[in-house]
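Notes for the structure review
What follows is the residue order along each chain.
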Amino acid sequence: MPRSNLPRRPVSGKGPVSGKGAGRKRNGDVPELDLERARAGIARRESAPDGEWMVRTMTARNAEKTYICPECSTAVLPGVAHLVVWKDDHLFGAAAGLAERRHWHTNCWLTRSYRYR
């Protein structure tokens, strides 16, 4: 029996063309992409005199707990945008650096002193 040349996959997101999936209904529209939220989960690498650091932005929407900023020793309150920082070149490896991550006020991180702790 000859093969059918009809496309069976959705054409550029327009839904199923024919075949098994043609009778399915969608649950709803695809939600809008929140660019701020998508970028927040990506850590960036920063180089400084005190080593290599991985820095991830925590948006105000995602900040749900209280943390203590290591620079100013005051609370980073829920609902306040801040940074999550960990050492990328940790002596005991990347997993140890990630386990010792800290939550910093954005301004404290940008104006920190490079003293060795």
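In the block above lies the structure referred to throughout.
My aim in this report is to walk through the structure given alongside it, one point at a time.

Conventions we followed
- Residues numbered from 1 in each chain as written.
- Predicted model: local features only at pLDDT ≥ 70, side-chain atom pairs only at ≥ 80, totals over all residues.
- Heavy atoms only, no water.
- Phe/Tyr/Trp six-rings, centres within 6.5 Å; stacked < 30°, edge-to-face > 60°.
- Helix = DSSP H or I, 4+ residues; strand = E, 2+ residues; numbered from the N terminus.
- Buried < 20%, exposed > 50% of the residue type's maximum accessible area, 1.4 Å probe, protein only.
- Lys NZ or Arg CZ within 6 Å of the ring centre and 35° of its normal.
- Core = buried A, V, L, I, M, F, W, Y, C linked by side-chain atoms within 4.5 Å.
- Pairing = 2+ DSSP bridges.
- Disulfide = S-S within 2.5 Å.

Looking now at the packing of aromatic side chains. Within this structure, the stated rule accounts for two aromatic pairs. Geometrically, the ring pair formed by Trp 53 and Trp 109 is edge-to-face, given 5.6 Å between the ring centres and 80° between the ring planes. Taken together, the positions of Trp 53 in strand S2 (residues 51-58) and Trp 109 in helix H3 (residues 106-110) put the pair 56 residues apart, joining distant regions of the chain. Accessibility assignment for this pair places Trp 53 and Trp 109 in one class, buried. With a centroid separation of 5.0 Å and an interplanar angle of 80°, the aromatic rings of Trp 104 and Trp 109 are classed as edge-to-face. The pair Trp 104 / Trp 109 is uniform in exposure class, with both members buried. Among the aromatic residues, ring-to-ring pairing joins Trp 53, Trp 104 and Trp 109 into one connected group. A cation over an aromatic ring shows up here: Lys 87 above the ring of Trp 53, its NZ or CZ 4.6 Å from the ring centre. Here Arg 112 stacks its cationic end above the ring of Trp 109, 3.5 Å away from the centre of that ring.

Moving on: the nonpolar core. With ten residues, the main nonpolar core is built from Ala 48, Trp 53, Val 55, Cys 69, Val 76, Leu 83, Val 85, Trp 104, Cys 108 and Trp 109. Mapped by element, the contributors of at least two residues to this core are S2, strand S5 (82-87) and H3. Met 54, Met 58, Ala 63 and Val 84 belong to the second largest nonpolar core, which has five residues in total.

Here strand S1 (residues 44-48) pairs with S2 via five bridges, running antiparallel. Across the sheet, Arg 44 pairs through a bridge with Val 55, a residue of S2. In textbook terms, the turn of a hairpin is the stretch between consecutive antiparallel strands, and for S1 and S2 this stretch comprises two residues.

What follows covers the state of the cysteines. Following the criterion strictly, the structure yields zero disulfides and no others. Between Cys 69, a free cysteine, and Cys 108, which holds the nearest cysteine sulfur, the sulfur-to-sulfur gap is 3.8 Å. Take Cys 69: its relative accessible area is 0%, and that puts it in the buried class. Free cysteine Cys 108: the closest other cysteine sulfur is in Cys 72, separated by 3.7 Å. For Cys 108, a relative accessible area of 13% translates into the label buried.

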